[in-house]
Amino acid sequence: MRPSDLARLVALAAMWGASYLFMRFAVQHFGAVTLIALRVLIAGVALTAFLVLSGGEIGWARHWRGYLFVGAVGLALPFVLIAQALATIDASTAAILNALSPLFASIVAAIWIRDPLTPAKVGGIALCLVGTAVLVGWTPAPMSGKELFAASLSVAATALYGYTIVFTKVKLRGSSPLGTAAGTLLVAALVLVPLVPFAPPPRALAQIPTMAWLAMLGLALVSTTVAFIFYYRLIADVGPVKAITVTLLVPIFGMVWGVIFLGEPITPGRIAGCMVILAGCALILGLVRMPQRAAT
């Protein structure tokens, strides 16, 4: 991997890790539904403009059914679940829990497309489950029922991500990556914007502080629009296997930004849970190999 590719990989992880910081701060002012509706609407329009200016196309005629499912179930719903979770749990915990997506993707792939569960994947799944238990259980004070429910929302979002990864591979095989991103974000906006009157912000938009608006714009433009462009450029330059290593860096940046900007504590349980989950993800993704028994 060239130094420029590595720099883009780290920048992408920093942008995606910052999404938890932005949501944690802004959701208190906008509410989950309004925040995510603005996120996907702004990002969808911006990505569509970028796609048109670069000579690409979304591909509505061929792929609208797939975009409809991914936009509603793979973006709108999990984004709202994570934002709602971040109204209660901190950014660091949410970022670590959302590293579980490869776990669910490997299970769905094994059931749907008969992608075999190798010993490495089984070991990775076990590590992810252990790491989640450590993260939730090893805390300075036991998690309240409200915090556990919020954590479950975040895990449910990763399950939807995992299913959507396999769905996209099967049903949207012929679509362009940026076209898929733009199309599904616009669908997510069409799903969520009509729901805003039924789940309005806790205060009038005119009363929302400037910093919350900046956090929302950072979420939409930096952590979504620019991040998607970086991600698909990485896939084109280094391939999907190396690009997906960003999954292992996002929780680290999520914790770093939470500590720096929100004053969140670094606890032994948080560090241990993060390391175990990331080790499990590395096994599932094939980024490391299990030791082989020597032939006798």
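A. Structural view of the overall build of the protein. For the protein, the count of helices and strands is 12 helices and 0 strands. Across the protein, helices and strands are ordered from the amino to the carboxyl terminus as α-α-α-α-α-α-α-α-α-α-α-α. Here the C-alpha coordinates of the protein stretch approximately 70 × 50 × 40 Å along the principal axes. Buried positions account for 49% of the 296 residues belonging to the protein. Put simply, of all contacts in the protein between residues at least 6 apart along the chain, 89% involve residues at least 24 apart. Put simply, the protein shows about 13,800 Å² of open surface, and 72% of that area lies on carbon and sulfur atoms.

B. Region of interest: the packing of helix 2 (residues 32-53) against helix 3 (residues 60-85). Where helix 2 meets helix 3, the axes come as close as 9 Å, and the angle between the chain directions of the two elements is 130 degrees. Put simply, helix 2 runs oblique to helix 3. The handedness of the crossing between helix 2 and helix 3 is right-handed. Contact with helix 2, carried on its side by Ala32, Val33, Ile36, Arg39 and Val40, involves Ala76, Phe79, Val80, Ala83 and Gln84 of helix 3 and no other residues of that element.

Reading the values: rules and limits
- Residues numbered from 1 in each chain as written.
- Predicted model: local features only at pLDDT ≥ 70, side-chain atom pairs only at ≥ 80, totals over all residues.
- Heavy atoms only, no water.
- Helix = DSSP H or I, 4+ residues; strand = E, 2+ residues; numbered from the N terminus.
- Buried < 20%, exposed > 50% of the residue type's maximum accessible area, 1.4 Å probe, protein only.
- Contact = heavy atoms within 4.5 Å.
- Areas by Shrake-Rupley, 256 points an atom, 1.4 Å probe, with all protein chains shown as cover.
- Axes fitted to C-alpha atoms, helices over the stretch in contact; angles between N-to-C directions.
- Parallel < 35°, antiparallel > 145°, perpendicular 65-115°, else oblique.
- Left-handed = near helix turned anticlockwise from the far one by under 90°.

As far as function goes, none of this settles anything; it's purely spatial.
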